[in-house]
Amino acid sequence: MAEVSDLTVHTGYWLRMVSNAVSQDFARRAATEDVTVAEWTFLRALYDAEGMAPSALADRMGMTRGAISKLAERLIEKGLLARASNPDDGRAHSLSLTAAGRQKVPVLAALADHNDADYFGVLSTDERATLDHLLRTLADRRGLKTVPVD
């Protein structure tokens, strides 16, 4: 009979354990602002733009246009996002944050910063830099581009 490795010998096991905890805690924090993690990443992606076509946002976030459309509808319903027609092309439109959406982003960013500090503040500055470097290296070498939203 072949030897079966224990779960805890896999780096992915530990990565997922930490990732799940960090993500779930941030999701709870974001929910206090009536926003999901996916909605937060969408809002943050638009924060530095004056307006963006949904297709460009989909490319930037590595998401399908359908997923962007669903998120946009939810954020429009919440009053955080506006859709405007393109005057040069009646079929096209752009998405931009409303004033309420623009005000919400720094609040959510502070929650994300606090969540990171809670989890990674137990590491020394050097340990944190090493962890960040290793994770960015893995993402780069694996060609990972999709913005994590869940």
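Residues numbered from 1 in each chain as written. Predicted model: local features only at pLDDT ≥ 70, side-chain atom pairs only at ≥ 80, totals over all residues. Heavy atoms only, no water.

Here we come to helix H1 (residues 11-31). Between its terminal C-alpha atoms H1 stretches 30 Å, which fits the 30 Å expected from 21 residues at 1.5 Å a residue. Those residues of H1 hidden inside the fold are in contact with helix H2 (37-47) and helix H5 (99-120). (Helix = DSSP H or I, 4+ residues; strand = E, 2+ residues; numbered from the N terminus. Expected span 1.5 Å × (residues − 1). Contact = heavy atoms within 4.5 Å.)

Right, let's get into the confidence of the model for the chain. Residues with a pLDDT of 70 or more make up 98% of the chain, whose mean pLDDT is 93. Least confident of the elements in the chain is strand E2 (residues 89-97), whose mean pLDDT is 83; most confident is H5, at 97. (pLDDT = per-residue confidence, 0-100.)

Here the focus is unusual backbone geometry. Here the phi dihedral of aspartate 34 falls at roughly 60°; this positive angle occurs in a residue that is not glycine. When you line up the elements, aspartate 34 lands in the loop between H1 and H2.

If you trace the backbone, lysine 104 turns up in helix H5. Sequence separation between lysine 104 and leucine 80 is 24 residues; the distance between their C-alpha atoms is 8.0 Å. The residues contacting lysine 104, other than those within four sequence positions of it, are Glu33, Val35, Leu43 and Leu80.

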